[in-house]
Amino acid sequence: MYEMLLYLDGGNMINFKINGKDVVAQKGETILQVARKEGIYIPTMCYLEKTTPIGSCRLCVVEVEGYDAPILSCQSKPTDGIEVQTDSDELFKHRKNIMELYNVNHPLECGVCDKSGACDLQNKTLEFGLSCQSFTAKEQNRPKKDWGRIQYDESLCILCEKCVSTCNEAVGDDAIELHFGGYSSSIVPKGSETLDCTYCGECISVCPVGALISKDFKYTANAWELQKIPASCSHCSAGCEISYEVKHTSTEDQTQKIYRVTNDYEENTVCGAGRFGFDFGNSETKGDFSEAVEKLRNAKSIVFNSNITNEEAKILSEVSKKTGAKLVNREALNFQNFLKAFAVNAGESLYNGTLEDVADSNQVVVIGTKISTDNPAVRYALTQAFKRNRAFISYLHPVYDSLLQNTIRQFINYEVGTEEGVVALLVDTILENSELDLDIGYLSGETNVGEEELEQIAKISKRATKKTLVVGADLIAHPKAENIAKFLGLVQRTALWKVLIVPPETNSLGVAEICELSDEAVSPSVGYNMKADFVISALGGDFSVPALNQQEGTFVNLNREVVKTHVAVPFEGRNLNELANKVLGSDVENTIDYTKELFGTHFDDLEIFHLETEITSPKAEVSEVEDLPTFDGTLIYLSNPHLQFSPFTEKAISSEAPLLGSEQFAVAGKLSDGDEVEFEILGEKFRRKFQIDRNLRGVIALNPIFDMGLSAYSLSSNYRFQKAKIEKVK
Amino acid sequence: MKELEIRGSQNYVPVEIEDYPTSGWDKFTQVVKRTLKGELFVGLWVVFREMVKFDIHTLQYPEEVLPVSPRYRAVHKLLLLLESGSERCIGCGLCEKICIADCIRMDTKVDENSRKEVTEYSINLGRCIFCGYCAEVCPELAIVHGPRYENVSEQRAHFALKDDMLTPIDMLKAQKEYPGFGALSPNADELVKKTPLAY
Ligand code: SF4
Ligand code: SF4
Ligand code: SF4
Ligand code: SF4
Ligand code: SF4
Ligand code: FES
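Residues numbered from 1 in each chain as written. Chains lettered and ligands numbered in written order. Predicted model: local features only at pLDDT ≥ 70, side-chain atom pairs only at ≥ 80, totals over all residues. Heavy atoms only, no water.

A. Just the packing of helix H9 (residues 330-346) of chain A against helix H17 (residues 481-493) of chain A, in detail. All names here are of chain A. Contact geometry of H9 with H17 gives a least axis separation of 7 Å together with a crossing angle of 40 degrees. When the axes of H9 and H17 are compared, the pair comes out oblique. The two elements H9 and H17 meet at a crossing, and its hand is right-handed. Contacts between H9 and H17 pair Phe 338, Ala 341, Phe 342, Asn 345 and Ala 346 from the former with Ala 481, Glu 482, Ile 484, Ala 485, Lys 486, Leu 488, Gly 489, Leu 490, Gln 492 and Arg 493 from the latter. (Axes fitted to C-alpha atoms, helices over the stretch in contact; angles between N-to-C directions. Helix = DSSP H or I, 4+ residues; strand = E, 2+ residues; numbered from the N terminus. Parallel < 35°, antiparallel > 145°, perpendicular 65-115°, else oblique. Left-handed = near helix turned anticlockwise from the far one by under 90°. Contact = heavy atoms within 4.5 Å.)

Have a look at this one:
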């Protein structure tokens, strides 16, 4: 009945008509996409821009002159010269019928439903003027399902399958599916009794009705009462665009409170830390202002991390210039040095890849990062690359990541510590006619990377048209980072590959661009959200300052874009700018007055823009890869679980922090599931529960650091594989 | 003279008033008469007489209050379901949204039975303009305007809280179905379109 219009190749533009209006489609665009671009309304219920058309609602039907049956505009691509009609009595009746069917036995509970006021079913029922119901079906018992952070209410579900396709095509968890059963169809967790996923909450976000909701949010506020505060998520370097939705705390308490986080789900996908980890505002106002000013003025070094806005980083620079204090941020310094070395051979001061490049690629190589938890946005881009373009994704890491099992086509397991050799081999592989002088036999042996595996990458690379190399934190904090970066620079220079170096912390790139950094702290030191002699922090410490959801400012995200964030919840105390004013003897009213100094535009007028990259003449200098180190004994990888990044996410979301190891690891270490263990890494003592993770392989255990308070930041600036002696606590 | 229609239970007595003079001469004679007649003393006498008689016709407020029409919009009440005694308010927030003076606020949460529970409901009576929109919009006939029109407070902003407005459970029997503003019209049944049921 519904016919697909075949796309006939006739150049890149297709001219046709919608409702008599001349329109042009790009190659590959659907009728619906063209109509939306032209501002012509076609109702839809199951359409999602970021996934392939689902085609379950049939509301998007349009008539095409010369065709008997109407077609689905969300799936059909136009051909030259067709005349499309988006509205007619016939179509209206058809659509109204569909809406009537959607309403059969739909509970009349808009009064309490969380979706009310923003519900597609409600809106379209009104739009089509449905005032009565002429169909019936026997009602059945459809109890609500408890899925951890999520609640699924089957009776409200209209089976549009947006959640399924988002989870599968945009997120990559593939955790839910449609259970067929005619009138009793429903959404069920895939292959298990209850939902076990990364809890990104994206399914909640795309659900057009109140069938999937966040349990924490349930029944606490109505859609129309919440004020949306545009912001950038502050948990990782993707800096995803989100809205904090705020309202007064209660009838008694006027203070604004964040009730939930929403995103533009048509285009973007945010992770669970962004969606659920919003309650990290600082409510303390500890410390004496003049004491803090004195400490800052007399500090010999200022220790800070990259969970900071550009403006704050600028303020710290100004203070350091005035007082001569050294700015200490090891993680950003590593990143700065990495970029510097990268630029030598790349001929550009910055890497050139973006998330979009990853999503559009048909070959991606990921190296030196547990990307699914280090930067979920990159993982979502990988998912899209695989789903849309069938991209060939190679994942090079010492630890297998089961979250990527549906996405990657090749897992290359290299030896811990041999990253320099792996990168050399990889670069040699993907550069056609590379002139690198490598001892391939030795490197291959030491790194454990097989030549056939590399050959496969090379083979695909010959065919692939869009290729991206994703580089992560393990390489940036590596002892041989400089040479690694130089090798990588060669890749960008070829212009055949894009390179995306994922900044390890939220604003590492911004800090690296703004600050002059050094390595070791000397006393007296002041820490800004870091351990030091005097701690200025949004997480306890000696003097309280606002957290990132209580501040205005900008970040530089991994796409090299300057993005803005706004105040969602109030802070009663003083901030860094006020402290700095006293030290600098200046009178800058707001932190965001520094935006103009940084980017030449006032904060309020700032549009999202890209950092400029400086072009230099590229060199081709790499040092010889010397003897690769070997790591024996018990190895631990510093890696946070999904939903967690830092002490801030820990404050907002409670989750356990076990030491995760494979069965093999348990046997080797004579440990069993649930054992209490103790170990020391980089001077930090850990005491954790050991847990066997059946998805893990090999003999490297995963140790989270997000729950280590401010020490988490110093831990994360080190090479992430560490030796440790694990002892059972009796 | 026009007949006054007397409603309510009060015992009103119409006062007789002479017709007004129209011609110039009549007006003149009226002035002269009034000047010489000493009518002032008549008035004073009447006041004195009524004072000692104690036969008073004004309303004895606050012991006595005028009965108000059911459509009068005074201080709100929150009603209970007559059958079960549960609260009618489901916490839909429509009253809060429609309130033109923005003076309603409520707190809701999930209760143990996974239902929406209204934990607090307040109206700032100092801001309320008693427009009746809240009662009109309420889908549950939960919020209504009661007949109590007296407000005493030390400051302009004063609040009626949920406990003040909610029918106490032991008074459930005495709770009257509300015929006033926002209530169902007498022909509501005829207006409803029926949906077929499968069983
Ligand atoms: S899903 Fe929409 S239509 Fe259904 S009860 Fe909720 S708000 Fe109403
Ligand atoms: S929360 Fe995310 S991962 Fe889990 S089912 Fe929903 S979309 Fe999938
Ligand atoms: S749960 Fe929501 S998104 Fe998923 S099929 Fe049902 S209505 Fe659609
Ligand atoms: S009567 Fe009018 S002003 Fe008063 S609470 Fe109701 S809607 Fe608001
Ligand atoms: S409109 Fe009625 S049911 Fe809804 S919140 Fe107000 S009082 Fe409660
Ligand atoms: S939008 Fe085309 S079928 Fe739903």
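B. Inspection of the domain arrangement of chain B at higher detail. Partitioning chain B into domains gives domain 1 (2-53) and domain 2 (76-167). Placing a centre on the C-alpha atoms of domain 1 of chain B and another on those of domain 2 of chain B gives a separation of 50 Å. (Domains from an automatic or database assignment.)

C. Inspection of the site of ligand 5 at higher detail. With respect to spatial proximity, the complete set of residues near ligand 5 consists of Cys 89, Ile 90, Gly 91, Cys 92, Gly 93, Cys 95, Met 106, Cys 138, Pro 139, Glu 140 and Ile 143 of chain B. For the shell around ligand 5, the residue count by class is 8 nonpolar, 2 polar and 1 charged. (Near = heavy atom within 4 Å. Nonpolar A, V, L, I, M, F, W, Y, C, P; charged D, E, K, R; others polar.)

D. The interface of chain B and chain A, seen in detail. Taken together, the contact between chain B and chain A spans 24 residues of the former and 24 residues of the latter. Between chain B and chain A the total buried area reaches about 1,900 Å² when both faces are included, carbon and sulfur atoms providing 53% of it. Among the residues of chain B in contact with chain A, Arg 105, Lys 116 and Lys 193 of chain B are the three that bury the most area, contributing 28% of the side total. For the pair chain B and chain A, the interface holds 0 salt bridges. One can count 7 residue pairs in polar contact (both at pLDDT 80 or more) joining chain B with chain A. Put simply, the parts of the chain that give the side of chain B that touches chain A at least two residues each are helix H3 (94-98), strand E2 (104-110) and strand E3 (116-124) of chain B. Each residue belonging to the side of chain B that touches chain A can be placed in one class, and the counts come to 9 nonpolar, 6 polar and 9 charged. (Buried area = accessible area lost by both parts, 1.4 Å probe. Salt bridge = Lys/Arg side-chain N within 4 Å of Asp/Glu carboxyl O. Polar contact = N/O pair within 3.5 Å; in protein donor to acceptor, adjacent residues only side chain to side chain.)

E. Structural detail: the packing of aromatic side chains. All names here are of chain A. With the rule as written, the count across this model stands at 15 aromatic pairs over all chains. Between Phe 599 and Phe 609, the ring centres sit 5.6 Å apart and the planes meet at 75 degrees, which makes this aromatic pair edge-to-face. With Phe 599 in helix H20 (residues 593-599) and Phe 609 in strand E26 (residues 609-610), the pair connects residues that are 10 residues apart, well separated along the chain. Counting every residue linked through ring pairs, the aromatic cluster contains Phe 631, Tyr 637, Tyr 719 and Phe 721. Arg 149 extends its terminal NZ or CZ atom over the ring of Phe 276, reaching a point 5.3 Å from the ring centre. Here the guanidinium or amino end of Arg 390 rests over the ring plane of Phe 386, the centre of that ring lying 4.8 Å away. (Phe/Tyr/Trp six-rings, centres within 6.5 Å; stacked < 30°, edge-to-face > 60°. Lys NZ or Arg CZ within 6 Å of the ring centre and 35° of its normal.)

F. Highlighting the pairing of strand E8 (residues 176-179) of chain A. Residues and elements named next belong to chain A. Sheet topology note: the E8/strand E9 (residues 186-189) ladder contains 4 bridges and is antiparallel. Across the sheet, residue Leu 178 finds its bridge partner in E9, namely Ile 187. Between E8 and the antiparallel strand that follows it, E9, lie 6 residues; Gly 182 among them carries a positive phi value of about 55 degrees. (Pairing = 2+ DSSP bridges.)

G. Quick peek at unusual backbone geometry. Here the amide bond leading from Ser 523 of chain A into Pro 524 of chain A is cis, since omega sits at -10 degrees, within 30 degrees of zero. Position of Pro 524 of chain A among the secondary structure elements: in the loop between helix H18 (508-514) and strand E21 (525-528). Cis geometry marks the peptide bond from Tyr 61 of chain B to Pro 62 of chain B, where omega comes out at 5 degrees. Mapped onto the elements of the fold, Pro 62 of chain B is located in the loop between helix H2 (39-53) and strand E1 (76-78). The phi dihedral of Asn 105 of chain A falls on the positive side, at around 60 degrees, and the residue is not glycine.

H. Summary view of the side chain of Glu 120 of chain B. Among the structural elements, Glu 120 of chain B can be located in strand E3. Excluding its chain neighbours within four sequence positions, the residues that come into contact with Glu 120 of chain B are Thr 251 of chain A together with Arg 105, Met 106, Asp 107, Leu 161 and Lys 162 of chain B.

I. Fine view of the site of ligand 3. Taken together, the neighbourhood of ligand 3 is formed by 14 residues, with Cys 157, Cys 160, Glu 161, Cys 163 and Cys 207 of chain A sitting nearest. Partitioned by chemical class, the residues of the shell around ligand 3 number 12 nonpolar, no polar and 2 charged.

J. Broad picture of the environment of Thr 119 of chain B. Residue and element names in this part refer to chain B. Mapped onto the fold, Thr 119 is located in strand E3. Here the alpha-carbon distance between Thr 119 and Lys 109, two residues 10 residues apart in the chain, equals 7.2 Å. Sequence-distant contacts of Thr 119, defined by excluding residues within four places in its chain, comprise Asp 107, Thr 108, Lys 109 and Lys 162.

K. Focus on the domain arrangement of chain A. All names here are of chain A. In terms of domain boundaries, chain A breaks down into domain 1 (2-102), domain 2 (289-329 + 515-610), domain 3 (338-508) and domain 4 (635-728). Contact with domain 4 buries area across many residues of domain 2, yet Asn 307, Lys 531 and Leu 539 alone supply 57% of it, more than any other trio. Taken together, the links from domain 2 to domain 4 amount to 0 salt bridges. Connecting domain 2 to domain 4 are 2 residue pairs in polar contact (both at pLDDT 80 or more). Residues of the side of domain 2 that touches domain 4, tallied by class, amount to 5 nonpolar, 4 polar and 1 charged.

L. Expanded view of helix H7 (residues 289-298) of chain A. All names here are of chain A. Along H7, the residues classified as buried are Phe 289, Ala 292, Val 293 and Leu 296. Down the axis of H7, the buried side of the element spans an arc of 100 degrees, and every buried residue falls inside it. Buried-residue contacts for H7 involve strand E14 (301-304), helix H8 (310-323), E21, strand E22 (534-537), strand E23 (543-544) and helix H19 (576-584). (Buried < 20%, exposed > 50% of the residue type's maximum accessible area, 1.4 Å probe, protein only. Arc of directions from axis to C-beta.)

M. Structural context of the pattern of salt bridges. All names here are of chain A. Under the defined criterion, the tally for this structure stands at 38 salt bridges over all chains. Taking the shortest distance from any N to any O, the salt bridge between Glu 245 and Lys 228 comes out at 3.0 Å. In this pair, Glu 245 sits in strand E12 (residues 241-248) while Lys 228 sits in strand E11 (residues 227-232), placing the two residues 17 residues apart along the sequence. Take Lys 228: its relative accessible area is 52%, and that puts it in the exposed class. For the salt bridge of Asp 675 with Lys 728, the shortest nitrogen-to-oxygen distance reads 3.5 Å. Of this pair, Asp 675 sits in the loop between helix H22 (663-668) and strand E29 (676-681) while Lys 728 sits in strand E33 (residues 727-728); the two residues are 53 residues apart in sequence, bridging distant segments of the chain. You can call Lys 728 partly exposed: its relative accessible area is 39%. Connected through shared salt-bridge partners, Lys 314, Glu 318, Lys 321 and Glu 597 make up one network.

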